[in-house]
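If you want the building blocks of each chain, they are given just below.
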Amino acid sequence: DVLGSRGLGDVYKRQIIKRDLMDRETLVTFLTIVSTNSVSRAAEQLYVSQSSVSKRLQQLETELGVSLIVRKKGTRGIELTPAGLSFLPMAEQIIELCQQSVDMNSDHGRTRLSIACIDSLNASVLAPVYRRLLQQEPMINLSITTNLSAQIYHFVERYTCDIGFVTVKLQHPNIIVEPFIQQYFKLIYCCHGKPDLTSPVATEALDPTKEIFQPWGSVFYQWHERHFPGSKQYVRFDTVSMMPELLEDGYWTIVPDTIADTLRNTPHLHVFELQNPPPYRTCYKIKNLLPRKENQRAIELFESILNEDSHLSQFWRP
């Protein structure tokens, strides 16, 4: 609990940022142990010996005066102690601050912008916006990451990223949440000849065993359970780029219209309206209430491109 206090956390952050690379390596080692759930796997990933990893962890625990992890008996896994759980977000933020410090010294005045987004929006909506941004600001340092909505809120709150795109509206006192686009759902049907379906397609006409299921949120899942109760899909996945590779003749999937729009000219893939479609979902743009001043210009430029993009306007229906 002492570790979780604001005072010790802030002091440690200031100390770590001022110290040499070895301290940052110690933090990276701790984070790698957590991400791999193993001291031995962390050693493999960091290309050091297992004893070096154990020594760095011991050094960190000694400096903090608490134990951070315990090794599970009879397994190779680890568990975080309560102090370890409290320290984990601090360690992540410290590493991010260290990286920002390095970037500031190496950028030589370059504008920086960091964006976090769910996979489906990155793949089908925002790529043209990124291109326009790079055309208008060739010297920008643009960082794009893909993650889940809840984690993106965490990134924006802690200044790990400047702008986020999510499909869940959460209440955070220091985060601005704005509607971005609305997505309606359509059917993608794979057929190497003339499809035997006519639009709009009723769900009763679809074979549940030939579905490529993709999770589009809790509302979509509830709709899916009503129309395909207890169905066992051919495959389930959450990465949009895999879809064309998995769709075979006679197989189908339901996707947001932004994705369907990008697949219209793909051979053997046919887009249909649904007779009883899932409810639309709203996507949101989020940013910190108090953005970093050094990134304010890049944020404003990106937002202006979003507002002017004619490609996006077709997907917003108030």
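Up top is the structure.
Everything quoted here is computed from the prediction, not taken from an experiment.

Cut-off values and rules
Once a new chain begins, its residue numbering starts again from 1 and follows that chain's sequence as written. The predicted nature of this model means local features are confined to residues of pLDDT at least 70 and side-chain atom pairs, given and counted, to a pLDDT of 80 or more, with totals for whole chains, interfaces and linings taken over all residues. Computation of side-chain values: all heavy atoms of the structure, hydrogens and water removed. Only DSSP runs of H or I reaching four residues or more are called helices, and only runs of E reaching two or more are called strands; each is numbered from the N terminus. The term disulfide is used for any two cysteine sulfur atoms that are within 2.5 Å. Throughout, exposure labels follow a simple rule: accessible area from a 1.4 Å probe, protein chains only, divided by the maximum for the residue type, with under 20% read as buried, over 50% as exposed, and the rest as partly exposed. Two strands are said to pair when DSSP picks up at least two bridges between them. All axes here are fitted lines through C-alpha atoms, helices being fitted over the stretch that makes contact, and every angle between N-to-C directions spans 0 to 180 degrees. Here a cavity means grid points, on a 1 Å grid over the protein atoms only, where a 1.4 Å probe fits yet cannot get out; a pocket means an open set of points with protein on both sides within 12 Å along at least five of seven lines; lining residues are those with an atom within 4 Å of a point. Grid points are joined across faces, edges and corners, and a volume is the space filled by probe spheres set on the points. Here the term charged refers only to Asp, Glu, Lys and Arg, the term nonpolar to Ala, Val, Leu, Ile, Met, Phe, Trp, Tyr, Cys and Pro, and the term polar to all other amino acids, Gly among them. Working rule for contacts: check all heavy atoms of both residues, and any pair within 4.5 Å makes them a contact.

> Help me understand the environment of Glu 204, please; the structure alone is not making it clear to me.
Looking at the secondary structure, you find Glu 204 in the loop between strand S7 (185-190) and strand S8 (212-213). C-alpha of Glu 204 to C-alpha of His 227: the two residues are 23 residues apart in sequence and 8.0 Å apart in space.

> How should the state of the cysteines be read in this particular structure?
Every disulfide links exactly two cysteines, by a covalent bond between their sulfur atoms. Here the structure, examined in full by the defined rule, presents zero disulfides. With no disulfide of its own, Cys 117 lies closest to Cys 283 among cysteine sulfurs, the gap being 8.4 Å. Cys 191 supplies the cysteine sulfur nearest to Cys 190, a cysteine that is in no disulfide, at a spacing of 7.4 Å. A residue is classified by how much of its surface remains accessible, and Cys 190, at 2% relative accessible area, is buried.

> I keep staring at the sheet that holds S7 and nothing clicks. Help me out?
Within a sheet, neighbouring strands are paired by backbone hydrogen bonds and run either parallel or antiparallel to one another. Pairing is antiparallel across the open sheet formed by three strands, whose spatial order is S10-S7-S11. Since the sheet does not close on itself, it has two edges, and those belong to strand S10 (252-256) and strand S11 (269-272), each with one partner. Strand-to-strand twist across the sheet, computed as the mean angle between neighbouring axes with direction ignored, equals 30°. Where S7 and S10 come together, five bridges link them in antiparallel fashion. Considered in S10, the bridge of Phe 185 is made with Pro 256.

> For this particular structure, what's the right way to read empty space enclosed by the protein?
Once rolled over the atoms, a probe with the size of a water molecule shows which space is left empty. For the structure shown, the criterion picks out one cavity of 30 Å³ or more. Of the voids in this model, the largest cavity is the one considered here, and its volume is about 30 Å³. What lines the largest cavity is simply Tyr 159, Cys 161, Asp 162, Asn 288, Pro 291, Arg 292 and Ile 299. Tallied by class, the residues present in the lining of the largest cavity amount to four nonpolar, one polar and two charged.

> What am I meant to see in the sheet that holds strand S5 (residues 163-166) here?
Reading across the sheet, the five strands line up as S4-S3-S5-S12-S6 and stay open at both edges, with mixed pairing between neighbours. Bordering the open sheet on either side are strand S4 (141-146) and strand S6 (175-183), each of which pairs with just one other strand. The average angle at which neighbouring strand axes cross in this sheet is 20°, direction not considered. Each of strand S3 (112-117), S4, S5, S6 and strand S12 (281-288) is contacted by helix H6 (residues 119-136), which is oriented at about 175° to S4, the strand it contacts most. Helix H7 (residues 149-157) contacts S3, S5, S6 and S12 of the sheet and is inclined by roughly 165° relative to S5.

> How should I be thinking about the layout of surface pockets in this particular structure?
Here the largest pocket defines a volume of roughly 520 Å³. Along the wall of the largest pocket there are 24 residues; nearest its centre are Thr 167, Pro 215, Trp 216, Gly 217 and Arg 281. The set of elements that each furnish at least two residues to the lining of the largest pocket consists of H6, helix H8 (218-227) and S12. The dominant element in the lining of the largest pocket, judged by the number of residues it contributes, is H8, at three residues. Its residues placed into classes, the lining of the largest pocket shows 11 nonpolar, 10 polar and three charged.

Limitation: the analysis is restricted to geometry and does not speak to function.
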